[in-house]
Amino acid sequence: DNGVRILTEKVPYTQAICAGIWLCSGSRDEKEKHMGLAHLVEHLVFKGTKKRSAYQLAQVMESRGGDLNAFTTRESVCFYATSLKKDLKLTLDVLVDLVRNANFPVKEFETEKDVILQEISMSFDNHEEYIFDLFSEKIYRDHPMGWPILGTEKTVGSIDRKVVQEFYKKMF
């Protein structure tokens, strides 16, 4: 009734599971002056939640042989994890924690923006993605679907913590 869609597929011959939460918001939901915001939020949620520190978020899955990651597209942000079947409850708890309880620590904010700025510089080295970004820019022009998912040095550099928190609350 609340619009949540749950998709499952049983694979009987494995002891592993993969779970993900796709949020139906991505870079298309940004303002032009905040290009790269969805991607920045995707990074920042891993810096801590009300329940877990950044170290605990990484450690809780890795200590059990699992993996926790995320990606941003123009239309969605996805947080996903792979773990053993017996750790499904924990895996879902960690994913929901990321999506609902991020706290965006002040001390990590500028550091993570620098990481994104490095990604922007390196993005020109990945020719396949660079060409796709150019294609989207030409097709969609001034529409958000044509803007770079990573944003630009100028837009990412100007995003403040309050903007991140508001976007997270509204879109997540």
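Residues numbered from 1 in each chain as written. Predicted model: local features only at pLDDT ≥ 70, side-chain atom pairs only at ≥ 80, totals over all residues. Heavy atoms only, no water.

Draft legend 1. Quick peek at the sheet that holds strand β2 (residues 67–72). Taken in spatial order, the three strands line up as β1-β3-β2 in an open sheet, and their pairing is antiparallel. Sheet topology places β1 (16–23) and β2 at the edges, where each strand pairs with a single neighbour. Neighbour-to-neighbour, the strand axes of the sheet open up by a mean angle of 15°, direction not taken into account. Across the sheet, helix α3 (residues 88–101) touches β1, β2 and β3 (77–84), and the angle it forms with β1 is around 20°. (Pairing = 2+ DSSP bridges. Helix = DSSP H or I, 4+ residues; strand = E, 2+ residues; numbered from the N terminus. Axes fitted to C-alpha atoms, helices over the stretch in contact; angles between N-to-C directions. Contact = heavy atoms within 4.5 Å.)

Draft legend 2. Representation of the pattern of salt bridges within the structure. Summed over all chains, the structure comprises 10 salt bridges. Salt-bridge contacts for D93 lead to K51; the nearest nitrogen and oxygen are separated by 2.9 Å. In this pair, D93 is assigned in helix α3 and K51 in the loop between α1 (37–44) and α2 (54–62), connecting sequence segments 42 residues apart. A residue is classified by how much of its surface remains accessible, and D93, at 28% relative accessible area, is partly exposed. With a shortest N-O distance of 3.8 Å, E166 and K162 are connected by a salt bridge. Linking E166 with K162, this pair stays in helix α7 (residues 161–171), spanning four residues, or about one helical turn. (Salt bridge = Lys/Arg side-chain N within 4 Å of Asp/Glu carboxyl O. Buried < 20%, exposed > 50% of the residue type's maximum accessible area, 1.4 Å probe, protein only.)

Draft legend 3. How the structure looks around the nonpolar core. Ranked by internal contacts, the top residues of the largest apolar core, which has 35 residues, are V41, V45, F79, F104, V164 and F172. Discounting residues that sit within four places of it in the chain, F172 has contacts with L23, S25, V41, V77, F79, V99 and F167. (Core = buried A, V, L, I, M, F, W, Y, C linked by side-chain atoms within 4.5 Å.)

Draft legend 4. Region of interest: the packing of aromatic side chains. Under the counting rule described, the total for this entry stands at six aromatic pairs. When the ring of F46 is compared with that of F79, the centres are 6.1 Å apart and the planes differ by 45°; the resulting orientation is tilted. With F46 in the loop between α1 and α2 and F79 in strand β3, this pair connects stretches of sequence that are 33 residues apart. Ring centres of F124 and Y130 lie 5.3 Å apart, and the angle between their planes is 70°; on these two criteria the pair is classed as edge-to-face. On the basis of relative accessible area, Y130 is assigned to the partly exposed category, the value being 31%. (Phe/Tyr/Trp six-rings, centres within 6.5 Å; stacked < 30°, edge-to-face > 60°.)

Draft legend 5. Fine view of α3. End to end, α3 covers 19 Å across 14 residues, agreeing with the expected 20 Å (1.5 Å per residue, within 8%). Among all positions of α3, only T91, V94, L95, D97, L98 and V99 are buried. At its buried positions, α3 is contacted by β1, α2, β2, β3 and α7. (Expected span 1.5 Å × (residues − 1).)

Draft legend 6. Fine view of the pairing of β3. In this structure, β1 lies alongside β3, joined through eight bridges in antiparallel fashion. Note that in β3 the partner of C18 across the bridge is T82. Looking at chain direction, β2 and β3 are connected through six bridges and run antiparallel. For T72, the partnering residue across the bridge sits in β3 and is V77.

Remember, this is a structural readout, not a statement about activity or role.
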